[in-house]
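# Report on the structure
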Amino acid sequence: APRSVPTTEFRRFYDRGDLPIAIFHGAGKIAWKVDIEKLDYHHYLPMFFDGAREQEDPYRFLAVQGTYEMLEKGGPKVLPVVPQLIIPIKTALNTRNPIVICTMLKILQALVKSGDMIGEALVPYYRQILPVMNIFKNSNANLGDKIDYNQRKRMNLGELIAETLEMLETYGGEDAFINIKYM
């Protein structure tokens, strides 16, 4: 059964005005108050990842969109932060909420593709992030279009898990397959 989603740090920081973002009204975009390249990724990226489990807008939109934009522009800044992203990834997956899980799986795919060695850097953490995927891998509930602003393609949870595992294997180097196979 889905678990309740507690308030995130992201929401607290946003409500206090402590995040360098605002909604760019009418465009479905984020207005960054600072160049993304200048952000402290160790501070902000885990917080945005954590905010991705928010159910309510504007928090959800800002966190998800902000995460994608930071991954897109982060370059070499993303890899050193990977260990700090594991808890937010795991927390989102453990909500057992299919919409939150789908959002995080798509973010995980973007993370893996965002830079060299990131796929390999995730392998030691498979034990923490793959078990929930195991529970839902045969789930074929179609979640429609309310999943993700960034990628509006329709997808069901089982397909998304299969696609994510395939991507983890592709980008994870030689140890990835054996670790995925034995989950």
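Cut-offs and rules
- Residues numbered from 1 in each chain as written.
- Predicted model: local features only at pLDDT ≥ 70, side-chain atom pairs only at ≥ 80, totals over all residues.
- Heavy atoms only, no water.
- Helix = DSSP H or I, 4+ residues; strand = E, 2+ residues; numbered from the N terminus.
- Buried < 20%, exposed > 50% of the residue type's maximum accessible area, 1.4 Å probe, protein only.
- Contact = heavy atoms within 4.5 Å.
- Areas by Shrake-Rupley, 256 points an atom, 1.4 Å probe, with all protein chains shown as cover.
- Polar contact = N/O pair within 3.5 Å; in protein donor to acceptor, adjacent residues only side chain to side chain.

Our next topic: the overall build of the protein chain. Of regular secondary structure, the protein chain possesses 10 helices and two strands. Walking the protein chain from its N terminus toward its C terminus, one meets helices and strands in the order α-β-β-α-α-α-α-α-α-α-α-α. Here the protein chain holds 183 residues, and 50% of them are scored as buried. A separation of at least 24 residues holds for 72% of the contacts in the protein chain among residues at least 6 apart in sequence. Accessible surface for the protein chain amounts to roughly 8900 Å². Of this, 51% is attributable to carbon and sulfur atoms.

Take R11: it is sitting in helix α1 (residues 9-16). In this structure the side chain of R11 is engaged in a polar contact, spanning 3.4 Å, whose partner is the side chain of E56. Here R11 is in contact with E54, E56 and Y59, once residues within four sequence places are set aside.

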